Amino acid sequence: MVQQIDTPTRILILIGLAFIGIDTLRHSEERSGIRALLAGTLAVALLSARLHQAFTPSFYETRTERFTGTVIGDVQTSGASTTFGLQLDDGPKVLVDAGGAAPEVAARIRVRGRLEPFDEQRNPGEPSERAIQQERGYAARIAAGRILARLPPGKWSFATAIAGLHRSAGATLRTQLPEPSASILAGELWGERAALPPELKAEFQETGTVHVLVTAGLHLGVVTLLMFSLLAALRVPRTATCVLVSLTVWAYAVFSGFHLPAMRAAIMVSFALAARAYGAKALSLNALCAAAIIIALLRPESVVSASFALSFSCVGAIFATHDVIERGLARYGESPKRLREAVSLTIATQIGTWPLIAATFLAFMPYAVLANVAVVPVVGLTMLLGFAQLLSAPIAPLAQAIANLNSWLLAWMVDVVHLIASLPGARIIMTPAPFWAIAGYDAAILLAFWCLRRAQPTAACALLIFAVALVLNPPRPIEHRLIISVLDVGQADGIVIQTPSGRTILVDAGGRLERGPHPDGESAAEHIGERIVVPFLIRRGVHHVDAIFLS
């Protein structure tokens, strides 16, 4: 079994890398040592992640018993069932599927259910639920749970303290803001979006704006700007300002759950602040490389995750393309610099992430740039007003006035997302491009912007067209064999037959046909088809089924 790095070792590694980073920032940007260190570290982390996937057994065997713990969030109700995160008294976090009313966040409860590991990859191309939940911090699930009792608070723990802060802040927001505005603001401030209506959550996803509900660089950047403005008004010295802002950013990252995007952003902000304290260039590729090195060493299993790829592709694209895009916008008329920066940053992030988003969500969102240009600039204002609402909560009239102003901005976001999601072709189903096609896209984009910097627009346009075509329609081998895939659909059959002539036949699609407790009245079979069978067909490049046989 591959062992995880223990906490003291992680701390020592972090301290050592901090000194290396500070030394790097004090010297020329042209130093290439950190690039070599990055390549070596990522290679070792990739190997470590693969070993974890191949050889790490589950720590939990299926068993039914009683468990006690504290509800830490992710509370979501669907019909008569409820899902929530539970910090067990003996340490690990688990995800509970239980019947009955949803428990309150930070409440200590006793629950009876079946403790079991999350499923690994069940069908070809399907993501591993175990890897996804482990990245969220959950070690196992409790299925068929039943809440037996509410208990007095237990011993203090860091996770339960954060859950208590989230509960208090959420209650304050919902006292003065209607839904879904309160849930959207909670998503912006600490990433809690489980209470959002499924339809609205889908619209955020379909417009490419779901990232505003996940604490990452955008949100930590807002906190950094707020703290800088406050300390500048107080005339705090530069070095002290950088230290205080860095501490605030890390505290906020921890408060929001300390997920991978927040960790990456906090590391980059810390390097930028250290550079500013030394009088060096604040934002550089060294900071991005340092963030990748630290995360690869501390959390090697995350290197193969979609979150890691999306997070670093986003920032890498900003470094590679932002300046060229902003100069191009300046040529087409006078506009405020802040507006040009916002638009160019939005375009740059979409250039870097849309192939990965399409591969992850099996869809291409053509209006994502438009939606982000309309929504992202508002996020900073809503966060500022959200912080002000929480701080002014003891003065109810003032807090309500701030909430009323914020409700207009949040309503604007909802209206924009709803309008763009309703446009024709807002979500185009797409078979994921293979890894080599996305790598070729990245290389072509970098080369295209290199050509633009050297005033070679024709070559740049050709490379851009090639890059987009490579992802949207990569060359695929023609299969001349009969392929029969028997899917794991939980109950009954789900068989996909692909003939040498290119026909596709589906035999059953699994699941029970009885109407279940779902609020929309759909059967379990319909949910199995939507979540397992259809994604499998899309990943295999099947967008049309020639025949369906139901037994």
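Predicted, not measured: the structure shown is a model, and the values here were computed from it.

Criteria and thresholds
Residues numbered from 1 in each chain as written. Predicted model: local features only at pLDDT ≥ 70, side-chain atom pairs only at ≥ 80, totals over all residues. Heavy atoms only, no water. Salt bridge = Lys/Arg side-chain N within 4 Å of Asp/Glu carboxyl O. Buried < 20%, exposed > 50% of the residue type's maximum accessible area, 1.4 Å probe, protein only. Helix = DSSP H or I, 4+ residues; strand = E, 2+ residues; numbered from the N terminus. Contact = heavy atoms within 4.5 Å. pLDDT = per-residue confidence, 0-100. Expected span 1.5 Å × (residues − 1). Bend = angle between axes of the 7 residues up to and from the residue. Pairing = 2+ DSSP bridges. Axes fitted to C-alpha atoms, helices over the stretch in contact; angles between N-to-C directions. Left-handed = near helix turned anticlockwise from the far one by under 90°. Nonpolar A, V, L, I, M, F, W, Y, C, P; charged D, E, K, R; others polar. Phe/Tyr/Trp six-rings, centres within 6.5 Å; stacked < 30°, edge-to-face > 60°.

Right, let's talk about the pattern of salt bridges for a bit. Inspection of the entire model under this criterion finds 14 salt bridges. In this structure, the salt-bridge partner of Arg-122 is Asp-119, at a minimum N-O distance of 3.9 Å. For Arg-122, a relative accessible area of 30% gives the class partly exposed. Across the pair Asp-488 and Arg-122 runs a salt bridge whose closest N-O atoms are separated by 3.1 Å. Note that Asp-488 is positioned in the loop between strand 8 (483-486) and strand 9 (495-498) and Arg-122 in the loop between strand 4 (108-116) and helix 3 (129-136), a separation of 366 residues in sequence.

As a further point, take the side chain of Gln-133. Structurally, the position occupied by Gln-133 is in helix 3. Note on Gln-133: relative accessible area 8%, which makes it buried. Non-local contacts of Gln-133, meaning those with residues more than four positions away in its chain, are made with Leu-95, Phe-118 and Tyr-138.

Now for the confidence of the model for the protein. Here the protein shows a mean pLDDT of 81. Residues at 70 or above account for 84%. The secondary-structure element of the protein with the lowest mean pLDDT is helix 1 (residues 7-26), recorded at 49, while helix 14 (residues 396-421) shows the highest, at 94. Note that pLDDT drops below 50 for residues 24-31; the model gives that stretch 14 contacts with residues more than four away or on any other chain. Contacts from residues 516-521, a stretch scored under 50 in pLDDT, to residues over four places away or in other chains number 11 contacts.

Let us now look at helix 4 (residues 158-176). Over its 19 residues, helix 4 extends 28 Å from the first C-alpha to the last, a length consistent with the 27 Å expected when each residue adds 1.5 Å. Of the residues making up helix 4, those classed as buried are Thr-160, Ile-162, Ala-163, Gly-164, His-166, Ala-169, Gly-170, Thr-172, Leu-173 and Gln-176.

Glancing now at helix 11 (residues 306-330). For helix 11, which comprises 25 residues, the first-to-last C-alpha distance of 34 Å matches the rise-based estimate of 36 Å (1.5 Å per residue) to within 8%. At Thr-321, helix 11 shows its largest kink, close to 50 degrees.

So, about the sheet that holds strand 9. Hydrogen bonds between backbone groups are what pair the strands of a sheet, and the pairing can be parallel or antiparallel. Judged by pairing direction, the sheet is mixed, and its 4 strands sit side by side in the order 8-9-10-11 without closing on themselves. Edge positions in the sheet fall to strand 8 and strand 11 (547-549), since each of these pairs with one other strand and no more. Averaged over all pairs of adjacent strands, the angle between strand axes in this sheet comes to 15 degrees, irrespective of strand direction. One ladder, built from 4 bridges, connects strand 8 with strand 9; its direction is antiparallel. From the neighbouring strand, Ile-484 faces strand 9, where its bridge partner is Ile-497.

Before going further, it helps to spend a moment on the pairing of strand 1 (residues 63-78). Inspection of the sheet shows strand 1 paired to strand 4 by 8 bridges, in the antiparallel sense. Across the sheet, residue Thr-70 finds its bridge partner in strand 4, namely Arg-108. For strand 1 and strand 2 (residues 81-88), the ladder comprises 7 bridges, and the chain directions are antiparallel. Note that in strand 2 the partner of Thr-77 across the bridge is Thr-82.

Close contact between helix 4 and helix 5 (residues 181-190) brings their axes to 9 Å; oriented N to C, the two are set at 145 degrees. In terms of crossing hand, the pair formed by helix 4 and helix 5 is right-handed. In this structure, helix 4 contributes His-166, Ala-169, Gly-170, Leu-173 and Arg-174 to the contact, and helix 5 contributes Ala-182, Ser-183, Leu-185, Ala-186, Leu-189 and Trp-190. Here the residues of the contact of helix 4 with helix 5 sort into 7 nonpolar, 3 polar and 1 charged.

Looking at the secondary structure, you find Val-373 in helix 13 (residues 368-391). Judged by relative accessible area, which is 30%, Val-373 ranks as partly exposed. Sequence-wise, Val-373 and Thr-346 are 27 residues apart; in three dimensions their C-alpha atoms are separated by 6.4 Å. Every residue in contact with Val-373, bar those within four places of it in the chain, is listed here: Val-343 and Thr-346.

This brings us to the packing of aromatic side chains. Counting across every chain of the model gives 7 aromatic pairs. Considering the side-chain rings of Tyr-252 and Phe-255, the 6.4 Å spacing of their centres and the 35 degrees angle between planes classify their relative orientation as tilted. Remark: Phe-255 and Tyr-252 occur in helix 8 (residues 238-255); sequence separation between them is 3 residues, near one turn of the helix. Centroid distance Trp-354 to Tyr-441: 5.7 Å. Interplanar angle 85 degrees. Geometry classified as edge-to-face. In this pair, Trp-354 sits in helix 12 (residues 337-361) while Tyr-441 sits in helix 15 (residues 435-453), placing the two residues 87 residues apart along the sequence. As far as the burial class goes, Trp-354 and Tyr-441 line up, both buried.

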